[in-house]
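Now for the letters of each chain:
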Amino acid sequence: MTSPIQTKIDFLVERAKKQNPNINEKKIRAAYECANAAHEGQKRKNGEPYIIHPVSVAEIIVEMGLDTDSICAGLLHDCIEDTEFGYKEIENKFGTSVAELVDGVTRLGMLRYSKEQEQFEDLRKMFLAMAKDIRVILIKLADRLHNARTFQFLPERKQRDKALETMEIYAPIAHRLGMSRIKWELEDLSLKCLDPIGYQEIVEGLEKQSSQHEEFLNHIKECISEKLKEAEIENTISARVKHIYSIYRKMYAQHKTINEIYDICAVRVIVDSVTNCYNVLGYVHDLYKPIPGRFKDYISTPKPNGYQSLHTTVIGREGIPFEIQIRTEEMHKMAEFGVAAHWKYKQGLDKTGNEQAFAWIRQLLEAQQDTEAEDFIKAIKVDLFADEVFVFTPKGDVVNMPAGATPIDLAYAIHSAVGNRMVGAKINGRIAPIDSQLKNGDIVEILTSKETRGPSRNWVKIVKTTEARNKIKQWFKKECREENIEQGKAELDRELKANLMYNGFYDNEEIQKNILQKFTFSSMDELYAAIGYGGITITKVLNKIKDDVMKVRKAQEKIDKLEQPQADKKKSKSETGVVVEGIDNCLVKFARCCTPIPGDDIIGFVTRGYGVSIHRKDCVNVKNNNSKDEENRWIRVWWDEESLDNKKNRFSTGLQISTKSRIGVLSDVAVLLAQAHVNVHELSAKDLNDGFGMITAVVDVSGIGQLDNIINRLKKIKGVLDVTRTAEN
Ligand code: MN
């Protein structure tokens, strides 16, 4: 009887032979036997025999297409750490190469991601191992992938830590190495731990739409397939829904629900030659309308990690966009397995594209042979990080800088004080110009002096990072403050005088406060300093001051105007019935919107040229009028009790009477108002829908007492539902 594990290893060997006929079957089986014996009795967290894990890891390594030694190392990868079977034993039995691979994986395994540590600290150590042998990284990725597949058996906290580490370190490395298949799986498995709810939401959303997607994709497959058949182009078409994490990222970046994300379907066409890739692209664009700007030619310009393909996004049925990737079989293998594919083609199957794409691996390995293990640092080649450089401080700390960064950038990245006191730099032990471009693996020493008078003005133009640029500007801003203030104030004063606003500005604290607020300065000195060092332009400041000064002047003119004509009309005071604060005998009118009457709480509004308009304090127009511009025009007013005693004063006010539609209700209202000896200016009725009506009346009353009386009597009329004053809300 064969055990399930035996079956597994048999299958693994078969797969390995299929991938590479030259594989050493005997050696692989021997490695399995050793690992099996070494892990005898050990169990995984889920209760399975431990050997399942190394065998599964070896399976992934086989799928990557790696060589015999890598497969053996995969089987033995946990031996040094967890069993009696150590480096020496492995070396004796399987050779130095396997022993070093296992040792490398073990050392990588000892690194733990922790939040206290900078994340790239671990990355650095991974690079060190990579410099020694890239296969160590690939085996470690396979190890992590199998562990990620079984995350659920770990305690919850450990799950999270491991998932975070996987998301932050392993998946990006898989990406840089072009191993998209592993990258996606690592990301999806990590996401499942890190945001189980978000993950589940997408899974369920996709399930709900799955038949729809299937139908959509099948249709596209058929159409393309038919077209290519006509054109006699051999092809393989696969259609799929995108990976969960890529959908997740889209949803979060675009704040959308899964139902609002359209391009979640992708189609891949694999053909036999580069020429046919472009041919297929032509046919696809015949079939479907391409979205402009979404076509990418990664064949002529491969991605930094070696990825090659044509990408285009087109509009399918019902306007739903989907992405099509077109590539050759070789490109496809590369896209899926990245650097791992290198081993497959190393046997000379393809010497053009891959040779170039993986020139960096060769460099890596060559550099490694030159220097041996003695000096890892110089052996590091991180050419695949096209947009970043990794440099070292003399103490061996790694600093990650953008490509093109100079020693000045580095100095400011360490600390602004280091930057400000920098006088020179040593790169790899030699004095170098401070504008040199840093290269990967450079050891950079920043030379500083306390005597220095600070950065030079043209550094701003040299530096690559915004951080350094800002810090340099900051220095000039701070160090020359006195000078800046003096110069700024002189400039402002000169301009104010030239524009006849000097007094207007300095006499009015409001205006000064406004300016400071507008530019978020806390003091006038700050304003002067900013003008002085060029942080803001004088024109900008002046324009703002001009607006404010003009406003104040106009308001003053208004008030002057109001005061003048009324000065002659002393007698009119008693006729208006209202006193306005601070202004004697001014022109007063009652607002039509709320028609105030004696007894109402009132407020005045200085109109533009028509005196003061009196409103009820509860008028909607008072409540709604909050604009800054109008704020200062509201003014306090009172009823003039003295003049009100004069019984001739009658005040118009509006009423709204809501009623049921009943014949005669309007005449009942009219009769009541006549009996109350009220002068009626307006009386109109309007039919509303649904059997209701609205009567509007404008009547003259002496004050609130009389009005309340009338309202109460109106409310008693049959069919009257409610009586309110106009502009009440
Ligand atoms: Mn392991």
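Keep in mind that what you see is a predicted model, and the values were worked out from it rather than measured.

## Looking at the overall build of the protein
Inference 1: The helix and strand tally for the protein stands at 34 helices and 20 strands.
Inference 2: In the protein, which comprises 729 residues, the proportion classed as buried is 47%.

## Brief notes about the pairing of strand E18 (residues 679-687)
Inference 1: Here 8 bridges tie E18 to strand E19 (residues 692-701), and the two strands are oriented antiparallel to one another. Its bridge partner lying in E19, lysine 686 is registered against methionine 694.

## Some details on the packing of aromatic side chains
Inference 1: One pass over the full model with this rule turns up 13 aromatic pairs.
Inference 2: Relative to tyrosine 252, the ring of tyrosine 248 lies with its centre 4.6 Å away and its plane at 35 degrees, an arrangement referred to as tilted. Of the two residues, tyrosine 248 and tyrosine 252 both sit in helix H13 (residues 244-253), 4 residues apart, roughly one turn of that helix.
Inference 3: Assessed through its relative accessible area of 46%, tyrosine 252 is described here as partly exposed.
Inference 4: With centroids separated by 5.0 Å and ring planes inclined at 90 degrees, the aromatic side chains of tryptophan 475 and phenylalanine 476 adopt a geometry described as edge-to-face. Residue tryptophan 475 shares its accessibility class with phenylalanine 476, and that shared class is buried.
Inference 5: Through a chain of ring-to-ring contacts, three or more aromatic side chains come together here, namely Phe216, Tyr288 and Phe322.
Inference 6: Above the face of the tyrosine 170 ring, arginine 144 is positioned so that its terminal group lies 4.3 Å from the ring centre.

## A look at the state of the cysteines
Inference 1: Enumeration according to the criterion identifies 0 disulfides in this entry.
Inference 2: Left without a disulfide partner, cysteine 72 is nearest to the cysteine sulfur of cysteine 34, which lies 9.6 Å away.
Inference 3: Looking at cysteine 72, the relative accessible area reads 0%, which means it is buried.

## Description of the packing of helix H12 (residues 196-230) against helix H14 (residues 274-287)
Inference 1: Contact pair H12 / H14: the axes reach a minimum separation of 10 Å and the direction vectors enclose 125 degrees. With respect to H14, the axis of H12 lies oblique. Where H12 crosses over H14, the two elements pack in a sense that is right-handed. Here Cys223, Ile224, Lys227 and Leu228 of H12 come into contact with H14, specifically with Val280, Tyr283, Val284, Asp286 and Leu287.
Inference 2: Residue classes in the contact of H12 with H14 are distributed as 7 nonpolar, no polar and 2 charged.

## Some details on a negative patch on the surface
Inference 1: A cluster of acidic residues, Glu482, Glu483, Glu486 and Asp525, forms a negative patch at the surface.
Inference 2: When residues in the negative patch are grouped by element, the largest group, 3 residues, is from helix H24 (residues 481-498).

## Some points on the coordination of the manganese ion
Inference 1: Protein ligation of the manganese ion involves His53 (NE2), His77 (NE2), Asp78 (OD) and Asp143 (OD), the donor distances falling in the range 2.2 to 2.5 Å.
Inference 2: In the primary structure, the donors to the manganese ion are separated according to the pattern H-x23-H-D-x64-D. Of the two residues, aspartate 78 is situated in the loop between helix H4 (68-76) and helix H5 (79-82) and aspartate 143 in helix H9 (residues 134-149); the sequence distance between them amounts to 65 residues. Across the pair, aspartate 143 and aspartate 78 agree in class, each one buried.

## Notes on the environment of threonine 452
Inference 1: If you trace the backbone, threonine 452 turns up in the loop between strand E11 (444-448) and helix H22 (459-462).
Inference 2: For threonine 452, a relative accessible area of 23% puts it in the partly exposed group.
Inference 3: Separated by 31 residues in the primary sequence, threonine 452 and arginine 421 have C-alpha atoms spaced 5.9 Å apart.

## Examining the confidence of the model for the protein
Inference 1: Of all residues in the protein, 84% have pLDDT values of 70 or greater, and the mean over the chain is 80.
Inference 2: Note on residues 345-360: pLDDT is under 50 here. Beyond four places in sequence and across chains, it has 19 contacts.
Inference 3: In the predicted structure, residues 362-386 sits below a pLDDT of 50 and forms 36 contacts with residues beyond four places in sequence or in another chain.

The rules behind these values
- Residues numbered from 1 in each chain as written.
- Predicted model: local features only at pLDDT ≥ 70, side-chain atom pairs only at ≥ 80, totals over all residues.
- Heavy atoms only, no water.
- Helix = DSSP H or I, 4+ residues; strand = E, 2+ residues; numbered from the N terminus.
- Buried < 20%, exposed > 50% of the residue type's maximum accessible area, 1.4 Å probe, protein only.
- Pairing = 2+ DSSP bridges.
- Phe/Tyr/Trp six-rings, centres within 6.5 Å; stacked < 30°, edge-to-face > 60°.
- Lys NZ or Arg CZ within 6 Å of the ring centre and 35° of its normal.
- Disulfide = S-S within 2.5 Å.
- Axes fitted to C-alpha atoms, helices over the stretch in contact; angles between N-to-C directions.
- Parallel < 35°, antiparallel > 145°, perpendicular 65-115°, else oblique.
- Left-handed = near helix turned anticlockwise from the far one by under 90°.
- Contact = heavy atoms within 4.5 Å.
- Nonpolar A, V, L, I, M, F, W, Y, C, P; charged D, E, K, R; others polar.
- Patch = residues over 30% accessible without salt bridge, like charges linked within 9 Å, V, L, I, M, F, W, Y side chains within 5 Å.
- Areas by Shrake-Rupley, 256 points an atom, 1.4 Å probe, with all protein chains shown as cover.
- Salt bridge = Lys/Arg side-chain N within 4 Å of Asp/Glu carboxyl O.
- Lys, Arg positive; Asp, Glu negative; His and termini not counted.
- Charge placed at Lys NZ, Arg CZ, Asp CG, Glu CD.
- Donors = N, O, S within 2.8 Å, 3.2 Å for Na, K, Ca; no water.
- pLDDT = per-residue confidence, 0-100.

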